[in-house]
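Observations on chain architecture
Next come the chains, spelled out residue by residue.
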Amino acid sequence: MIPVSFKVSHELREEETDPKLADLVERLRGVVTFDGRKILYNWLGATRRDWRGQGHFRALTDEQEVWAVNRGYDEVVVKTKNRYYDMRGTLDHLQFDVIKFESAPDNLDSKVYLSKRLGPSVLDAHRSQRQVTRA
């Protein structure tokens, strides 16, 4: 058995002490409300190239959203680069909304911030028939 898809996520708080996370919070200020809300930040995620297009990442995302709602998270935030067309398309398909775009000298290096508000309606919308296998 080999893992085919993964996500690395953590809570993002308004008062971060790590300089990189504090910078991320500042970049999201004005587009994400932190006060009185729990924000889940998807730091990294992928599916092995030979397993893409089979619904594994969608099933993992559905499972993560159920987990997050059950633990009181209000929103999921993710950042990607403009050059990652496959990831941008996947996030669009998963109904993430663009909340901020940061231009870079090379437009392919521009950062795209996306968000998905969580709640019971998100869970009702899940249509994936895949199952997540936990190692």
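The structure this text deals with has already been given above.
Description of the structure in this document. Keep in mind it's a predicted model, so treat the numbers as computed, not measured. (Residues numbered from 1 in each chain as written. Predicted model: local features only at pLDDT ≥ 70, side-chain atom pairs only at ≥ 80, totals over all residues. Heavy atoms only, no water.)

Structurally, Lys 100 is set in strand 4 (residues 97–102). Judged by relative accessible area, which is 25%, Lys 100 ranks as partly exposed. Along the sequence, Lys 100 and Val 77 sit 23 residues apart, while their C-alpha atoms lie 11 Å from each other. Residue contacts for Lys 100: discarding those within four places in its chain leaves Arg 27, Val 31, Lys 111, Val 112 and Tyr 113. A distance of 2.5 Å separates a polar atom in the side chain of Lys 100 from the backbone oxygen of Arg 27. (Helix = DSSP H or I, 4+ residues; strand = E, 2+ residues; numbered from the N terminus. Buried < 20%, exposed > 50% of the residue type's maximum accessible area, 1.4 Å probe, protein only. Contact = heavy atoms within 4.5 Å. Polar contact = N/O pair within 3.5 Å; in protein donor to acceptor, adjacent residues only side chain to side chain.)

This part covers the packing of aromatic side chains. Counted according to the given criterion, the structure contains one aromatic pair. When the ring of Trp 67 is compared with that of Tyr 73, the centres are 5.8 Å apart and the planes differ by 25°; the resulting orientation is stacked. For Lys 38, the ring lying beneath its charged end belongs to Tyr 73, and the centroid distance is 4.3 Å. In this arrangement the basic side chain of Lys 100 is found over the ring face of Tyr 113, its NZ or CZ atom lying 5.9 Å from the centre. (Phe/Tyr/Trp six-rings, centres within 6.5 Å; stacked < 30°, edge-to-face > 60°. Lys NZ or Arg CZ within 6 Å of the ring centre and 35° of its normal.)

As paired strands, strand 1 (residues 5–12) and strand 2 (residues 39–47) are joined by eight bridges and run antiparallel to one another. The partner of Lys 7 across the bridge, within strand 2, is Gly 45. Two strands pair when backbone bridges link them, and strand 2 and strand 3 (residues 75–81) are joined in this way by four bridges, in the parallel orientation. Within strand 3, the position partnered with Ile 39 by the bridge is Glu 75. (Pairing = 2+ DSSP bridges.)

To continue, consider the pattern of salt bridges. Note that side chains of opposite charge can pair when their charged atoms are close. Scanning the entire structure with this criterion turns up eleven salt bridges. Linking Glu 11 and Arg 13 is a salt bridge whose minimum nitrogen-to-oxygen distance equals 3.3 Å. Judged by relative accessible area, Arg 13 falls into the partly exposed class, the value being 47%. Residue Arg 83 is joined to Asp 109 by a salt bridge in which the shortest nitrogen-to-oxygen separation is 2.6 Å. Taken together, the residues Arg 83 in the loop between strand 3 and helix 3 (85–93) and Asp 109 in the loop between strand 4 and strand 5 (111–117) connect sequence positions 26 residues apart. (Salt bridge = Lys/Arg side-chain N within 4 Å of Asp/Glu carboxyl O.)

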